[in-house]
Amino acid sequence: MMEWKKMLVLGGLAGLALTVAACGEGGGGEGPIVAPPAPPAEYADKHMPAGWWADPKIIEEGKELFIGGKNPDVNCASCHGKDGKPVKAGARDFRVTDRMKLYSDSVWFWRISEGVPNTKMKAWKTKLSEEDRWKIVAFERNFGLAGKEWDAEKKDWVPVGSASAPGAPAAAPAGDAGVAAPAAAPAAPAAPAEAGK
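Undergrad: Honestly, the pairing of strand β1 (residues 148-151) in this entry has me stumped. Any pointers?
TA: When a strand is regular, its side chains alternate between the sheet's two faces. Where β1 meets strand β2 (residues 156-159), four bridges bridge the pair, whose relative direction is antiparallel. From the neighbouring strand, Lys 148 faces β2, where its bridge partner is Pro 159. Hairpin connection of β1 to β2: four residues between the antiparallel strands, including Lys 155 at a positive phi of 55°.

In structure tokens:
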């Protein structure tokens, strides 16, 4: 009887050690860091509305949506944690910069919109407007990619304010001190008129 109890306790401790190791800071307990699949054609050319990466109002609205403060049917923090540290097994850890920098804004938006097959991440496009899904992306990237924005031309995360405007030249002409003239950007979608939307 005593041996059986020892084995049970040791087995429980071993399981606890594996659980703690899997949830550690390094990889977020999510396995190897690999690039996600490319988004399908309907999402491939969708990008954050102009100016939203640096807009504190958009980011704050994204936070309220993320924590369930604006829409009672949506609470990203219930799985991903209020600070981006997952509170449920299998949830993406947004604090792991090496993983999250592999996600373009299009991929991120696609995953929020359509969910992730064979996981508990469900599609949110029926519960959130397109604008609200972008607001969540703007907020979530602050966990592991603070101060960054997606540059669709360079296909990389760059410091906020330094992304190429769509259709703009990739680099400024020589002798221009590295400052490119701003290109006309598409208008950002209007924010909802009501605070509760």
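Undergrad: Sorry if this is basic, but what is going on with the environment of Lys 101 here?
TA: With respect to the helices, strands and loops of the structure, Lys 101 is situated in the loop between α5 (97-100) and α6 (105-114). In this structure Lys 101 comes out as partly exposed when scored by relative accessible area, which is 41%. In this structure, Lys 101 is in contact with Leu 145, Trp 150 and Trp 157, ignoring residues within four places of it in sequence.

Undergrad: Would you mind going over the packing of α6 against helix α7 (residues 130-144) with me for this structure?
TA: The description of two packed helices rests on the angle between their axes and on the distance between the axes. Where α6 contacts α7, the axes come no closer than 10 Å and their chain directions differ by 120°. Judged on the interaxial angle alone, α7 and α6 are oblique. Our pair here, α6 against α7, has a crossing hand that is right-handed. Along its contact with α6, which presents Asp 105, Trp 108, Phe 109, Ile 112 and Ser 113, the element α7 presents Glu 130, Arg 133, Trp 134, Ile 136, Val 137, Glu 140 and Arg 141. Looking at the contact of α6 with α7 residue by residue, the classes come out as six nonpolar, one polar and five charged.

Undergrad: What is the right way to look at the packing of helix α3 (residues 56-66) against α7 in this model?
TA: Two elements in contact, α3 and α7, have axes separated by 7 Å at closest approach and are oriented at 95°. Here α7 runs roughly perpendicular to α3, going by the angle between their axes. Between α3, through Ile 58, Ile 59, Glu 61, Gly 62, Lys 63, Leu 65 and Phe 66, and α7, the contact on the second element is made entirely by Asp 132, Lys 135, Ile 136, Ala 138, Phe 139, Glu 140, Arg 141, Asn 142 and Phe 143.

Undergrad: For this particular structure, what's the right way to read the nonpolar core?
TA: Membership of the largest hydrophobic core comes to 29 residues, with the highest contact counts inside it found for Met 48, Phe 66, Trp 108, Ile 136 and Val 137. Elements supplying a minimum of two residues to this core: α3, α6 and α7. Dropping the residues within four chain positions of it, Val 137 is found in contact with Met 48, Trp 53, Trp 108, Phe 109 and Ile 112.

Undergrad: I tried to follow α3 on my own but got confused; where do I start?
TA: Owing to its 3.6 residues per turn, the α-helix aligns residues three or four sequence positions apart on the same side. For α3, the complete set of buried residues consists of Ile 58, Ile 59, Glu 61, Gly 62, Leu 65 and Phe 66. The buried residues of α3 occupy one face: seen down the axis, they fall within an arc of 160°. Exposed residues lying more than 90 degrees from the buried face of α3 are Pro 56 and Lys 57. Lining the buried residues of α3 we find α4 (77-80) and α7. Near the N-terminus of α3, the side chain that reaches the backbone nitrogen of Lys 57, with its oxygen 2.8 Å away, is that of Asp 55. Two residues or fewer after α3 comes Gly 68, characterised by a positive phi angle close to 85°.

Undergrad: Just checking my understanding: could you explain the packing of aromatic side chains for this structure?
TA: Each aromatic ring pair is specified by the distance between its two centres and by the angle formed by the two planes. Evaluated as defined, the whole model comprises 11 aromatic pairs. When the centroid spacing of 5.3 Å and the interplanar angle of 75° are considered together, the rings of Trp 53 and Trp 157 count as edge-to-face. Residue Trp 53 is found in the loop between α2 (41-44) and α3, and its partner Trp 157 is found in strand β2; the two are separated by 104 residues along the sequence. Judged by its relative accessible area of 7%, Trp 157 is buried. Residues Phe 66 and Phe 139 carry aromatic rings whose centres are separated by 5.3 Å and whose planes lie at 55° to one another, so their mutual orientation is tilted.

The rules behind the values
- Residues numbered from 1 in each chain as written.
- Predicted model: local features only at pLDDT ≥ 70, side-chain atom pairs only at ≥ 80, totals over all residues.
- Heavy atoms only, no water.
- Pairing = 2+ DSSP bridges.
- Helix = DSSP H or I, 4+ residues; strand = E, 2+ residues; numbered from the N terminus.
- Buried < 20%, exposed > 50% of the residue type's maximum accessible area, 1.4 Å probe, protein only.
- Contact = heavy atoms within 4.5 Å.
- Axes fitted to C-alpha atoms, helices over the stretch in contact; angles between N-to-C directions.
- Parallel < 35°, antiparallel > 145°, perpendicular 65-115°, else oblique.
- Left-handed = near helix turned anticlockwise from the far one by under 90°.
- Nonpolar A, V, L, I, M, F, W, Y, C, P; charged D, E, K, R; others polar.
- Core = buried A, V, L, I, M, F, W, Y, C linked by side-chain atoms within 4.5 Å.
- Arc of directions from axis to C-beta.
- Polar contact = N/O pair within 3.5 Å; in protein donor to acceptor, adjacent residues only side chain to side chain.
- Phe/Tyr/Trp six-rings, centres within 6.5 Å; stacked < 30°, edge-to-face > 60°.

Just geometry here; none of it tells us what the structure is for.
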